[in-house]
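Inside the fold
Here is what each chain is made of, one letter per residue.
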Amino acid sequence: MKYKKYKVIDEELSILGLGTWQFSGTQDWEQFDMIEAIKIVHAAIDRGINFVDTAPVYGLGHAETVVGKAVKGKRDKVFLATKVGLAWNENKEVRNNLTKENIFKEIDDSLNRLQVDYIDLYQIHWPDPNTDIRESMEALALLKDQGKIRYIGVSNFSLDLMKQAMEITEVVSHQGLYNIFEQNADTYHGITLNYQVKDSLLSFLEENNQFFLPYSPLMQGLLAGKTQFDTGVTINNPKLQGKVVNNYIKAAKEVETVIDKPIHEIALNWLISQNQVGPVIAGATKAEHLEKNLDSLSWQMNLELFRKINEIVSRIK
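About the cut-offs
- Residues numbered from 1 in each chain as written.
- Predicted model: local features only at pLDDT ≥ 70, side-chain atom pairs only at ≥ 80, totals over all residues.
- Heavy atoms only, no water.
- Pairing = 2+ DSSP bridges.
- Helix = DSSP H or I, 4+ residues; strand = E, 2+ residues; numbered from the N terminus.
- Axes fitted to C-alpha atoms, helices over the stretch in contact; angles between N-to-C directions.
- Phe/Tyr/Trp six-rings, centres within 6.5 Å; stacked < 30°, edge-to-face > 60°.
- Buried < 20%, exposed > 50% of the residue type's maximum accessible area, 1.4 Å probe, protein only.

With that settled, consider the sheet that holds strand β4 (residues 51-53). Backbone hydrogen bonds hold the strands of a sheet together, and the pairing may be parallel or antiparallel. The eight strands are arranged β13-β10-β9-β8-β5-β4-β3-β14 in an open sheet whose pairing can be described as parallel. Lying at the two open borders of the sheet, with one neighbouring strand each, are β13 (211-215) and β14 (280-282). For this sheet, the mean angle separating the axes of adjacent strands, direction not counted, is 30°. For strand β9 (residues 149-155) and strand β10 (residues 173-177), the ladder comprises three bridges, and the chain directions are parallel. Each residue of the ladder has a partner; that of Val154, found in β10, is His174.

It is worth spelling out the packing of aromatic side chains at this point. In the structure shown here, the tally under the stated rule is nine aromatic pairs. Measuring from centroid to centroid gives 5.2 Å for Tyr178 and Trp270, while their planes differ by 50°, and the two rings are tilted. Placement of Tyr178 in the loop between β10 and β11 (187-188) and of Trp270 in helix α8 (residues 263-272) is noted, with a sequence separation of 92 residues between them. Classification of Tyr178 by relative accessible area gives buried; the value is 2%. According to the relative accessible area criterion, Trp270 is buried, its value standing at 1%.

So this is what it looks like as structure tokens:
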């Protein structure tokens, strides 16, 4: 395993992390098996992956519960990241809620499900337009003072909102949508994104010694060779439906001609080769998928390959 060190945190983080959205156990992931999920987490830790990312809303608590069972007895080997701000009611209706009251409730719920005393990286999942950012960040700063969290991160924040957050307390990271085909994406599953990773966010993070956590690095399977998106959560991604998905599939095959490597290796290597990119949040539904992801660490992408890949990307309609 290879690791990166960032000035804002004490630990070195594995350049490949483990995402756990697929552990939701909901119809989106066709009732993902808990035993297999725990097996994947253990395999990741055994291979040197020390960054595990989850969230309460993944399966409405299910993914955090699975991760908690998996890291029990291995807590010292894991830099654990979870999120806050997407709450649900008794009817399982999810809403944005970054009030102080909800943040204090969510942290205790997450600690209980994860069976830990503290969270390493606590991230705001999505902005809440109905709550003043000062209230949210002051609540997170208090949790840090109490020792319940070690570092504060944000996700899906605009550059302006991130600057506002940083005026209140230290922010070490930003998590956002970023992959070969979505370098400056303006939507995710139809949700508007108010940030441009390639053109502005990465340089800002570098100036402030912060790191960037890319989610959906394999574009929900398309950059792993998948060509059918008619089941599970991918049905709700407009970019993977209709005629537009064929353009991405065609481009993926063209990218593979640039270097004699499978597309998933190219996609992951493209990310991990960028200085400010932190652990790439890659999921796996089988232990063998994890091994395939790790194959991307065996070689290094150069500037010429970057140029050729971006040339192909620029032609996607």
